[in-house]
Amino acid sequence: MDIHTLGEIEQIKQLKARYLRLVDEKRWDEWADVFTEDFHGRLGDVPEVELNSRDEFIAFIRRAIGAAVTVHHGHMPEIEVVGPEKARGIWAMYDYVKFVGPEGDLELDGYGHYHEEYRKCEDGRWRISSLRLTRIIGMVEQLERKLPGPAIPASRDASGRQELARS
């Protein structure tokens, strides 16, 4: 592997680090910049849901975990540069999600893999163009075991304030 390819791989690692940090910080506008506009996403917990744009994906994630305290980690990347503007990678992942509600907390742990494709854009920056999350232990199955439980807050903004979901 040559030094140029190693540099490209390092840029993709930095991209994924931003992805993980910004989603946990709920910095949605900045998080949007890690994706291409024509991004395609598929989540292992929700196999029927395919998200066919960056905006659709961000809105979905924001609704799903925007109110939660989250910790996302990506480990052991396997990244392959397959062309001057295209790469793909697989990352082992762990995520922790905690919803705080008036009836108690709901805590979930997830383990699995991110399968991603990356595109080098006109501005010279790599972005995620496709993401498929597969889970070894999923959140949906944990929710089914743990619910009924506390009310899950509907949203959390970047300052940490939250609103409760109303039925």
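Computed from a predicted model, the values in this text were never measured in an experiment. (Residues numbered from 1 in each chain as written. Predicted model: local features only at pLDDT ≥ 70, side-chain atom pairs only at ≥ 80, totals over all residues. Heavy atoms only, no water.)

## Details of the confidence of the model for the protein chain
Thinking step 1. Confidence along the protein chain averages 86 in pLDDT terms, with 81% of residues attaining 70 or more.
Thinking step 2. Across residues 150-167, where pLDDT falls below 50, the model places 41 contacts with residues more than four positions away in sequence or in other chains. (pLDDT = per-residue confidence, 0-100. Contact = heavy atoms within 4.5 Å.)

## Considering the packing of aromatic side chains
Thinking step 1. Tallying each qualifying case throughout the model produces ten aromatic pairs.
Thinking step 2. Between Phe39 and Phe57 the ring centres are 4.7 Å apart and the planes differ by 50 degrees, which places this aromatic pair in the tilted class. With Phe39 in strand S1 (residues 35-43) and Phe57 in helix H3 (residues 54-65), this pair connects stretches of sequence that are 18 residues apart. Grouping residues by exposure puts Phe39 and Phe57 together as buried.
Thinking step 3. For the ring pair Tyr94 and Tyr111, a centre distance of 5.1 Å and an interplane angle of 50 degrees mean the geometry is tilted. Highlighted residues: Tyr94 in strand S4 (residues 86-101) and Tyr111 in strand S5 (residues 104-120), separated in sequence by 17 residues.
Thinking step 4. Taken together, Tyr19, Trp28, Trp31, Phe35, Phe39, Phe57 and Tyr114 form an aromatic cluster joined through their ring pairs. (Phe/Tyr/Trp six-rings, centres within 6.5 Å; stacked < 30°, edge-to-face > 60°. Helix = DSSP H or I, 4+ residues; strand = E, 2+ residues; numbered from the N terminus. Buried < 20%, exposed > 50% of the residue type's maximum accessible area, 1.4 Å probe, protein only.)

## Some words on the environment of Ala87
Thinking step 1. On the secondary structure map, Ala87 appears in strand S4.
Thinking step 2. Here Ala87 falls in the buried class, since its relative accessible area comes to 1%.
Thinking step 3. It is 10.0 Å that separates the C-alpha atoms of Ala87 and Arg127, two residues lying 40 residues apart in sequence.
Thinking step 4. If sequence neighbours within four positions are ignored, Ala87 has contacts with Ile12, Glu80, Val81, Val82, Glu116, Glu117, Tyr118 and Trp126.

## Regarding the nonpolar core
Thinking step 1. By size, the foremost hydrophobic cluster in this structure holds 35 residues, and its most contacted members are Tyr19, Trp31, Phe35, Phe57 and Ile61.
Thinking step 2. Residue contributions to this core peak at seven residues, all from helix H1 (residues 3-25). (Core = buried A, V, L, I, M, F, W, Y, C linked by side-chain atoms within 4.5 Å.)

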